[in-house]
Amino acid sequence: MIVSTTEQVPGREVAEILGLVRGNTIRARHIGKDIVAGLRNVIGGEIAEYTKLMGESREQAVDRMLAQAEALGADAVVCARFTTSMVMSQAAEILAYGTAVRLK
């Protein structure tokens, strides 16, 4: 499955637009990771625990978006985007979305 942030796939032509596809996940922070992150916040540096959590969340959202696209019979997802939002003080949603298309 091709995923593109542009409206087209270079060298390919869109034959059919199948519709909007999306995948999301909501993740809450973990108290153990919060303690380590708090210490890193004091001394500085990357908070690797949160970096890993967000990376895993993005991958899960993309996997779910691609599953929807495959169910529609898509060859590609164009105009792929990410967005995040706070669901509550300790949890955030990651949403991946785009347009499922069939290529010529």
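For the structure itself, consult the block above.
Parameters and conventions
Residues numbered from 1 in each chain as written. Predicted model: local features only at pLDDT ≥ 70, side-chain atom pairs only at ≥ 80, totals over all residues. Heavy atoms only, no water. Helix = DSSP H or I, 4+ residues; strand = E, 2+ residues; numbered from the N terminus. Buried < 20%, exposed > 50% of the residue type's maximum accessible area, 1.4 Å probe, protein only. Polar contact = N/O pair within 3.5 Å; in protein donor to acceptor, adjacent residues only side chain to side chain. Salt bridge = Lys/Arg side-chain N within 4 Å of Asp/Glu carboxyl O.

A. Main features of unusual backbone geometry. In this structure, Cys-79 takes a positive phi of about 55 degrees despite not being glycine. One can find Cys-79 in strand β3 (residues 76–88). Classification of Cys-79 as partly exposed rests on a relative accessible area of 23%.

B. Here's a closer look at the side chain of Ser-4. By the element assignment, Ser-4 lies in the loop between β1 (2–3) and β2 (14–28). There is a polar contact of 3.4 Å between the side chain of Ser-4 and the backbone oxygen of Gln-8.

C. Structural context of the pattern of salt bridges. Considering all chains together, one arrives at three salt bridges under this definition. Ionic pairing is found between Glu-13 and Lys-104, a salt bridge with its closest N-O pair at 3.1 Å. In this pair, Glu-13 sits in the loop between β1 and β2 while Lys-104 sits in the segment after β4 (91–103), placing the two residues 91 residues apart along the sequence. Look at Glu-13 and you get partly exposed, because its relative accessible area is 47%. Across the pair Lys-52 and Glu-56 runs a salt bridge, and its minimum N-O distance is 4.0 Å.

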